Amino acid sequence: MDHATLEHQHQHTGHSAGGTWRTAAQATLHCLTGCAVGEVLGMVVGTAAGLHNGATLAVSVVLAFVFGYALTMRGVLRAQVPLRQAVRIALAADTVSIAVMELIDSTVMVGVPGAMDAGLSDLLFWGSLASSLVLAFVLTTPVNRWLIARGRGHAVVHAHH
């Protein structure tokens, strides 16, 4: 490795070694961006298509993972990382974070009476969905802090951008 690469890795290692709250919040926000796109799209598609609640949740979860991984891979691929390696990096970086977020999002949407049955023009649907995303951010940030402090999760991506 050249000096610039080592310096870049040192900066990221030093930055995330303590798993600061700021670093964890940034990682969580990054992950939430992809998840939210997939989650919202899945809920809208499932609700508009009149899918059963279980099918709507399944579509939302799958799309959250797809968009979450895609967002991470976009940055990694820009760094000239081969596709196969970029996929492995995205899986290592985001799987736990997305899984926790989706567990929280799905639990809120199922737990709020009527939220899954509300229509797209209903405030209950959008309010529940927005609340689930906010709660997912708040509860996933400590998870990401813990992962980053151990060189896992989003810390895996730092060497590639």
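Residues numbered from 1 in each chain as written. Predicted model: local features only at pLDDT ≥ 70, side-chain atom pairs only at ≥ 80, totals over all residues. Heavy atoms only, no water.

Draft legend 1. Seen up close, the packing of aromatic side chains. Applying the stated criterion across every chain yields a total of 2 aromatic pairs. Seen in terms of ring centroids, Phe65 and Tyr69 are 5.8 Å apart; in terms of plane orientation they differ by 50°. Their pairing is tilted. Here the residue Phe65 and the residue Tyr69 both occupy positions in helix 3 (residues 53-78), the gap between them amounting to 4 residues, near one helical turn. Relative accessible area serves as the criterion here: at 16%, Tyr69 is assigned to the buried category. On the numbers, 4.9 Å between centres and 90° between planes, the contact of Phe125 with Trp126 is edge-to-face. (Phe/Tyr/Trp six-rings, centres within 6.5 Å; stacked < 30°, edge-to-face > 60°. Helix = DSSP H or I, 4+ residues; strand = E, 2+ residues; numbered from the N terminus. Buried < 20%, exposed > 50% of the residue type's maximum accessible area, 1.4 Å probe, protein only.)

Draft legend 2. Highlighting the environment of Val45. Position of Val45 among the secondary structure elements: in helix 2 (residues 21-48). Accessibility expressed as a relative area gives 41% for Val45, which makes it partly exposed. Counting along the chain gives 15 residues from Val45 to Ser60, while the straight-line C-alpha distance between them is 8.6 Å.

Draft legend 3. Representation of helix 2 in the model. Here helix 2 spans 38 Å end to end across 28 residues, near enough to the 40 Å set by a 1.5 Å rise per residue. Phi for Gly50, located one or two positions after helix 2, is positive at around 70°. (Expected span 1.5 Å × (residues − 1).)

Draft legend 4. Inspection of the nonpolar core at higher detail. Formed by 21 residues in total, the largest nonpolar core has its most connected members in Cys35, Val76, Ile98 and Met101. Counting only elements with at least two residues in this core, the list comes to helix 2, helix 3, helix 4 (83-111) and helix 5 (123-149). Counting residues per element, this core draws most heavily on helix 4, at 8 residues. Counting residues in hydrophobic clusters, the runner-up holds 8 residues, among them Met43, Leu57, Met109 and Ala118. (Core = buried A, V, L, I, M, F, W, Y, C linked by side-chain atoms within 4.5 Å.)

Draft legend 5. Fine view of the side chain of Ser128. Relative to the elements of secondary structure, Ser128 occurs in helix 5. The class for Ser128 is buried, based on a relative accessible area of 5%. A distance of 2.7 Å separates a polar atom in the side chain of Ser128 from the backbone oxygen of Leu124. Dropping the residues within four chain positions of it, Ser128 is found in contact with Val108, Met109, Val112, Ala115 and Leu123. (Polar contact = N/O pair within 3.5 Å; in protein donor to acceptor, adjacent residues only side chain to side chain. Contact = heavy atoms within 4.5 Å.)

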